[in-house]
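Residue-level listing of the chains:
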Amino acid sequence: MAVTPRVVVIGAGIVGCALADELTVRGWTDVTVLEQGDLFTTGGSSSHAPGLVFQTNGDKTMTEFAKYTVAKYSGLTLDGKWCFQQLGGLEVATTPERLQDLKRRHGWAQSWGVRSFLRSPDECARLHPLLDSAKVLGGFHIPSDGLAKPLRAAEAQARRAIDRGAKFLEHQKVTGIERSGGRVTGVTTETDRFRADVVVSCAGMWGPLIGELVDLTVPLVPMAHQYAKSAPLPVLDGHNDELTEAGRPILRHQDADLYFREHVDRIGVGAYGHRPMPLDPAELADPRTSPGMPSELAFTPGDFDESWAAAVDLLPALGESKIEEGVNGLFSFTSDGMPLLGEHPDLDGFWVAEAVWITHSAGVAKAMAEWMVDGQPELDLHAGDLARFERVQLAPDYVLGRSCQSFVEVYDILHPLQPMEEPRPLRTSPFYERQTELGAYFLEASGWERPHWYESNANLPEVEQIPERNAWASRFWSPIGGAEALVARQRVAMFDMTALKRFEVVGPGALSFLQALTTNQMDKKPGAVTYTLLLGEDGGVRSDLTVARLGQDRFQVGANGNLDLDWLRRHLPGDGKVGIHDVTPGTCCIGLWGPSARALLQPLSKTDFSHQGMGYFRAKQGYVGQVPVTALRLSYVGELGWELYTSADMGRKLWDTLWEAGQAHGVIAAGRDAFASMRLEKGYRSWGTDVTAEHDPYEAGLGFAVRMDKGYFVGRDAIGGRSAETVTRKLTCLTVDDPYAVVLGKEPVLLDGRPAGYVTSAAYGYTIGKNIAYAWLPVSAAVPGRPVEIEYFGEKVAAVVAAEPLFDPGMTRLRSAL
């Protein structure tokens, strides 16, 4: 019989209980769950959570978490009592803007496989008779949403785990994590010591304090959220007893930041419309000595006045009642609204599953158990991975400020391009001053200020050629971006690529290290540039990389973010023959692209940038004027050109040198809007949006980057026998003739009127004069010329499957010798 690791789970809230259940059912039965409070009313968020489960989320993985939670908890009982009831969820709109957003949410539900309906005001009133239908413009109804009993669900899962051998111990406050040789070895409490091979922090609001014990920043903020119950309502008398029937659908009124559920003959009202009320984790009460639950702070009626008035306005029956009791209940918020999942970057065996709400609890536990037991979860977790943050995003002020904003925006209608407003600017390239002078319109990602277009280009004649688009797609957009794309195709443009994550892999073992971790052939002469993939053991695409071999033992790696750096570091050999250095902060990059790129660049340098002297996907080190550069001849916009890298101190000089010389060639600065359009015209994938770890290379159209004959690499065995001919789904190019119908991503794609896939990336193709959308579809439908429909805010947009790439399929512009 195989020996299973000794696991200690810290926290017996619903996440800890669910994880114990999921681990033990997979054979890891030596599990001890330590709880500082009482079992199972621990004093954390699970103890007071109202239990509403609305599944639909703009993030596919979060929706999958919720779907699994609903499925699992629907099948659980505790001593004959239900743990989840599928009462249905109803979200209502009282403004035209919200009604449109509910149509968008209905699209998400279809994309992610959640059955849902758009409802008329009368239908909403029939579903929830307490509604004032005159105030409602429409609704979004999900029949499988419902109400969880968090404490019942937690204990029911704990009992299942106990039956398989797990132990649950109360009043065990963790005081230390023992470690040796870079691994956890045990957990100490105030009274005991527990040996452990694996430790998982499911401590919720106390998570940052547990993190401190292992020198790990757990970037969450406990935030008070108001919940109140009305006095008994005659209209509800006898309607339900919560033993067998819990009442009407759970209800959301997001225009007023409210949600509702029934408590037998009372109405519970939750509100997000009040001021953020964060609490330092160090100030949390001890559940063993606190007179009440640490997660329940005193209700502040003044903060609830506007919410109560809005609640009465929507549910007039509340006007005959009053607030009988209330609480400021604490929940965990993060800077991006996503959970914190994964293993400590520097301490093997220490895991976290924090900032997880009831809605996602079982789904997260399942994914974590798969990750720990099997080495990889079935779902793509990159958006919730603990390692996703840059160091600057872990600053206490950053975490606090952005988490407070996440609270404010819980029910806001957020555009996919809408950035956080504070703190900004945070990370700027050496070109920032010059970009500001050119009127750059900045959006933000990973703390970086990134120009999306430049007002200095407003007078380009090409602006008049850019068609209007619908109101939603026009937000955070300007036709100037389209003009920049056209000029880049006609002349030459400078793109700021500084935000691209890059690191160096060096040492005598660097080549063999990269060979083992990536799919393409790395054993090429210095000067070669290679596009390659990182796969998981199951063959899923973890990332795509651009690797330049700058020397015998030196490689520059262009990556997608901190997760790639974390992945490579976890696989470093222990012999010290490979080093990895993040060079992003100390370097910068300009993408110089367009037909006139060589004519601009060559006179500035003695380096031979001719086609014969530097072919496509080649690298050279040289000088541009007085600036030392590493030049990579490649382009993600499909034009002749180079990525020019230099040190941060020389960045502005590089910009000025190119800008001054470029005036004779009509050079412009171009932003991310132009970049996104040109990328899609060439069919280049964006990892994390088009492709994730849930897809293999052949499904994603990236099989060209796989060299099965080069020897071992991670994931090779899993994809053996697969090919473009064996796939059942495919990332597919769609075009839309209507220029006004610019879709933005995540919309459902319909085949014969039924959802069959979803859009990933989308943009208007300024060069080809059509809207472009990439989508995952069954391979049987991914046939050029096949008509499909995209549902966009409830309307059906005609589209057609197209052969790719849409622009320059012969690659003549990229490989131009002119």
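Here the structure is a predicted model, which means the values were calculated and not measured.

S.K.: Quick one: what's the story with the overall build of the chain, residue by residue and with numbers?
M.R.: Counting its secondary structure elements, the chain contains 17 helices and 42 strands. Taken over C-alpha atoms, the radius of gyration comes to 28 Å for the chain, in line with the 28 Å a tight globule of 818 residues would show. By principal-axis analysis of the C-alpha atoms, the chain measures approximately 85 × 65 × 50 Å. For the chain, the residues scored as buried account for 61% of the 818 residues in total. Roughly 30,500 Å² of accessible area belongs to the chain as shown, and the carbon and sulfur atoms make up 50% of that amount. Each charge sign in the chain was given a centre, from 79 positive and 103 negative side chains, and these centres are 6 Å apart.

S.K.: An account of the pattern of salt bridges is needed here, citing residue identities and associated values.
M.R.: Summed over all chains, the structure comprises 50 salt bridges. In this structure, D21 and K72 form a salt bridge, with 2.7 Å as the shortest nitrogen-oxygen distance. You can see D21 sitting in helix α1 (residues 14-25) and its partner K72 sitting in helix α2 (residues 60-74), a full 51 residues away along the chain. Looking at K72, the relative accessible area reads 9%, which means it is buried. Here R26 makes a salt bridge to E370, at a shortest N to O gap of 3.8 Å. On the criterion of sequence distance, the pair formed by R26 in the loop between α1 and β2 (31-34) and E370 in helix α8 (residues 361-374) is long-range, its members being 344 residues apart.

S.K.: Residue-level account of the sheet that holds strand β35 (residues 641-647), with values.
M.R.: The 6 strands lie next to each other as β33-β34-β35-β32-β26-β36, forming an open sheet whose pairing is mixed. Whereas interior strands pair on both sides, the edge strands pair on one side only; in this sheet they are β33 (619-624) and β36 (668-670). Ignoring strand direction, the axes of neighbouring strands in this sheet form an average angle of 30°. Relative to β35, strand β34 (residues 627-632) is paired through 3 bridges, and the arrangement is antiparallel. Within β35, the residue paired with T630 across the bridge is Y645.

Rules and cut-offs
- Residues numbered from 1 in each chain as written.
- Predicted model: local features only at pLDDT ≥ 70, side-chain atom pairs only at ≥ 80, totals over all residues.
- Heavy atoms only, no water.
- Helix = DSSP H or I, 4+ residues; strand = E, 2+ residues; numbered from the N terminus.
- Rg over C-alpha atoms; globule rule 2.2 N^0.38 Å.
- Buried < 20%, exposed > 50% of the residue type's maximum accessible area, 1.4 Å probe, protein only.
- Areas by Shrake-Rupley, 256 points an atom, 1.4 Å probe, with all protein chains shown as cover.
- Lys, Arg positive; Asp, Glu negative; His and termini not counted.
- Charge placed at Lys NZ, Arg CZ, Asp CG, Glu CD.
- Salt bridge = Lys/Arg side-chain N within 4 Å of Asp/Glu carboxyl O.
- Pairing = 2+ DSSP bridges.
- Axes fitted to C-alpha atoms, helices over the stretch in contact; angles between N-to-C directions.

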